[in-house]
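In case you want the letters, here they are:
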Amino acid sequence: WGRSTSLWCLILFILGVIVRLGYLSLVGIPDSQESDAVEYVALARHLAQGQGFTFDGVTPSTYRPPLFSLLLGAWCRFLGSTRMVTMVAFEVLIQAFSASLTYLLVLLAQPRNRFALLGSVIVAANPFIVSSVDLILQEPTQMLVVTAMGIAVILWCRQPTPGSASLAGILFGVGGL
């Protein structure tokens, strides 16, 4: 990968952020969440506050996969806020970063830059993906991990070393979380 690849990744990330912020400026950020998101928000808030993996701050939980809530809780703790806008910012960045990783994945899978750009622009600007940015759900994080997993597998197949095999294996393990 050269300088132009890095530049395209940056441009696609910025495009993803701009599209999502534009969407959020139109629809706003909800004060509360529904469905699964309520539980992810509760888990992240309690993790950020040092109360552990719990919905109510007292009883430990094993109901939800831990990766997303752990990352979101760490993000909130790092920023010192468990407000909804902080959590939605996490979703914006994860989704936008997925566009950049999609570019790299498609570029590794085939040599044409235009196909890599097409795939990543679809992720960056797809209305079905963008319209879920205000929901605090684990799917964007799963998309990011699976895309990174695809990159690692291609790199491992191209150059089978213990390091490339380990990276692919770690990402497969993380994907299960």
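Below you will find a few notes about this structure. Sequence order as written defines the numbering, with residues in each chain counted from 1. Owing to the predicted nature of the model, reporting of local features is limited to residues with pLDDT of at least 70; listing and counting of side-chain atom pairs is limited to 80 or more, with chain, interface and lining totals taken over all residues. Processing note: side-chain calculations cover all non-hydrogen atoms of the structure and skip hydrogens and water entirely.

**What about helix H4 (residues 84-109)?**
No. 1: Here a strand is any run of E in DSSP of at least two residues, a helix any run of H or I of at least four, and the numbering for each starts at the N terminus. To estimate the expected span of a helix, count its residues, drop one, and scale the result by 1.5 Å. Between the first and last C-alpha of H4 there are 37 Å, a value that for 26 residues agrees with the 38 Å anticipated at 1.5 Å per step.
No. 2: Burial classification: accessible surface area is computed with a 1.4 Å probe over protein chains only, and a residue below 20% of its type maximum counts as buried, one above 50% as exposed, and the rest as partly exposed. Buried residues dominate H4, accounting for 19 of its 26 residues.

**Remarks on helix H7 (residues 139-158)**
No. 1: For H7, spanning 20 residues, the distance from its first C-alpha to its last is 29 Å, which sits close to the expected 28 Å at 1.5 Å a residue.
No. 2: Taken as a whole, H7 has its buried residues at Pro140, Thr141, Leu144, Val145, Thr147, Met149, Ile151, Ala152 and Ile154.

**Focus on the environment of Ala99**
No. 1: With respect to the element layout, Ala99 can be found in helix H4.
No. 2: Measuring from C-alpha to C-alpha, the distance between Ala99 and Gly119 comes to 8.1 Å, with 20 residues separating the pair along the chain.
No. 3: In contact with Ala99, not counting residues within four places along its chain, are Leu12, Ser120, Val123 and Ala124. Should any heavy atoms of two residues lie within 4.5 Å, those residues are counted as being in contact.

**A look at the packing of aromatic side chains**
No. 1: We call Phe, Tyr and Trp rings a pair once their centres come within 6.5 Å, taking the six-membered ring for Trp, and we label the pair stacked below 30 degrees between planes, edge-to-face above 60, and tilted otherwise. Enumeration over the complete set of coordinates arrives at three aromatic pairs.
No. 2: Taking the centre distance of 5.8 Å and the plane angle of 55 degrees together, the rings of Trp75 and Phe90 count as tilted. One end of the pair, Trp75, is in helix H3 (residues 66-79); the other, Phe90, is in helix H4, and 15 residues separate them in sequence.
No. 3: Residue Trp75 is classed as partly exposed on the basis of its relative accessible area, which comes to 21%.
No. 4: Taken together through their ring pairs, the aromatic side chains of Tyr40, Phe68, Trp75 and Phe90 make up a single cluster.
No. 5: Between Arg64 and the ring centre of Tyr40, over which it is positioned, the NZ or CZ distance is 5.1 Å.
No. 6: Here, a charge over a ring means that NZ of Lys or CZ of Arg falls within 6 Å of the ring centre while also lying within 35 degrees of the ring normal. Over the ring of Phe115 we find Arg114, and its NZ or CZ is 5.5 Å from the ring centre.

Everything listed here is a matter of geometry and, on its own, says nothing about what the molecule does.
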